[in-house]
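As a plain string of letters, each chain reads:
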Amino acid sequence: MRQRTLTIIKPDAMRNRVEGHILQRLLDEGFELKGLRMLHLAESQAEGFYAVHRERSFYPELVRFMTSGPVIVACLEREDAVAHLRKVMGPTDSTKAPQQTLRGQFGTNIQENAVHGSDSPENAANEIKFFFPGAKFD
Ligand code: GDP
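Conventions we followed
- The residue numbers shown here count from 1 along each chain, following its written sequence.
- Thresholds applied to this predicted model are a pLDDT of at least 70 for local features of residues and 80 or more for the giving and counting of side-chain atom pairs; totals over whole chains, interfaces and linings are not thresholded and use all residues.
- Hydrogens and water molecules were not included; the side-chain quantities draw on all heavy atoms of the structure.
- Numbering goes from the N terminus for both helices and strands, where a helix is a DSSP run of H or I of at least four residues and a strand is a run of E of at least two.
- Each residue is assigned to one of three classes by its accessible area relative to the maximum for its type, calculated with a 1.4 Å probe on protein chains only: buried under 20%, partly exposed between the two thresholds, exposed over 50%.
- Only heavy atoms enter the contact rule, under which two residues are in contact if any of them lie within 4.5 Å.
- Only a single heavy atom is needed: when it lies within 4 Å of a molecule or strand, its residue is near that molecule or strand.
- Distance and chemistry together define a polar contact, namely a pair of N or O atoms within 3.5 Å, with one atom able to donate a hydrogen and the other to accept it when in protein, and with adjacent residues in sequence counting only for side-chain atoms on both sides.
- Note on areas: Shrake-Rupley with a 1.4 Å probe; residue coverage comes only from the protein chains shown.
- Space inside and on the surface of the protein is sampled on a 1 Å grid over the protein atoms alone, with a cavity defined as a set of points where a 1.4 Å probe fits but cannot get out and a pocket as an open set with protein on both sides within 12 Å along at least 5 of 7 lines; lining residues have an atom within 4 Å of a point.
- Assignment of a molecule to a cavity or pocket requires that more than half of its atoms lie within 2 Å of the corresponding grid points.
- Polar here means any residue other than Ala, Val, Leu, Ile, Met, Phe, Trp, Tyr, Cys and Pro, which are nonpolar, and Asp, Glu, Lys and Arg, which are charged; Gly is therefore polar.
- Grid points are joined across faces, edges and corners, and a volume is the space filled by probe spheres set on the points.
- A pair of strands is labelled paired if DSSP reports no fewer than 2 bridges between them.

Asker: Requested: an account of the environment of Arg-15, with residues and values cited.
Answerer: Its location among the elements puts Arg-15 in helix α1 (residues 11-15). Given a relative accessible area of 45%, Arg-15 falls into the partly exposed group. As for Arg-15 and Ser-68, which are separated by 53 residues in sequence, their C-alpha atoms are 9.8 Å apart. Not counting residues up to four positions away in its chain, the partners in contact with Arg-15 are Phe-65, Ser-68, Gly-69 and Glu-112.

Printed below as a string of structure tokens:
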């Protein structure tokens, strides 16, 4: 089923100037770009986006990292988009991610892992609304 998901090219990948490589890989994987924004997240936006993790010990550090520089946010569409993006991204910990995955190729560690991808269709819908409120994509 054709489906939408949300990705974020995180501040580490932007500092490493690999956002073009990441977007090209996503296009090569058959994702269609439906929405695209570059922004520097405010603390309140990063806190809101990662609210499910607010009790975790790494939450303050995660918010600091996600607000440390600009990010690129994209709404992507493809067959089985949520699961396919998770596969292309690789596991959370970049040091354990296979080399052919985005995190294996462009991430550094468990926190600085280059990309975000929604983990369920429900979360994808909420995350797309979070960054593209009211958008009616073509
Ligand atoms: P994801 O779905 O693979 O992105 O992983 P999670 O939803 O579990 O975590 C969200 C983000 O928090 C990850 O992508 C990392 O940037 C960061 N993160 C997750 N686990 C850890 C951790 O143990 N330590 C630190 N410092 N950051 C973490």
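The discussion continues.
Asker: Lay out the site of the ligand in plain terms, naming residues and giving numbers.
Answerer: Within the structure, the ligand sits among Lys-10, Tyr-50, His-53, Phe-58, Glu-61, Leu-62, Arg-86, Thr-92, Arg-103, Ile-110, Gln-111 and Asn-113. In the environment of the ligand, an oxygen atom lies 2.6 Å from a nitrogen or oxygen atom belonging to the side chain of Thr-92. Here an oxygen atom of the ligand sits 2.9 Å away from a polar atom, N or O, in the main chain of Gln-111. Expressed as a share of its isolated accessible area of 550 Å², the protein-covered part of the ligand is 81%. Spatially, the ligand is embedded in the largest pocket. A class-by-class count of the residues in the shell around the ligand yields four nonpolar, four polar and four charged.

Asker: Please provide a residue-by-residue account of the layout of surface pockets, values included.
Answerer: In this approach, a probe sized like a water molecule rolls over the atoms, and the result shows the empty space that is left. Taken as a whole, the largest pocket encloses approximately 680 Å³ of empty space. Taken together, 25 residues form the lining of the largest pocket, with Tyr-50, Val-52, His-53, Leu-62 and His-116 sitting closest to its centre. Listing elements by their share of the lining of the largest pocket, those giving two or more residues are α3 (43-49), α4 (59-66), β4 (115-117) and α7 (121-131). When residues in the lining of the largest pocket are grouped by element, the largest group, four residues, is from α7. Tallied by class, residues from the lining of the largest pocket come to eight nonpolar, 10 polar and seven charged.

Asker: Run through the pairing of strand β3 (residues 71-79), naming residues and quoting values.
Answerer: For β3, the buried fraction is high: eight of the nine residues fall into the buried class. Judged from the eight bridges that link them, strand β1 (residues 2-9) and β3 form a sheet pairing that is antiparallel. When the sheet's bridge partners are listed, Ile-8 is paired in β3 with Val-73. Note: strand β2 (residues 32-39) against β3, seven bridges, orientation antiparallel. Of the residues in β3, the one forming a bridge with Gly-35 is Cys-75.

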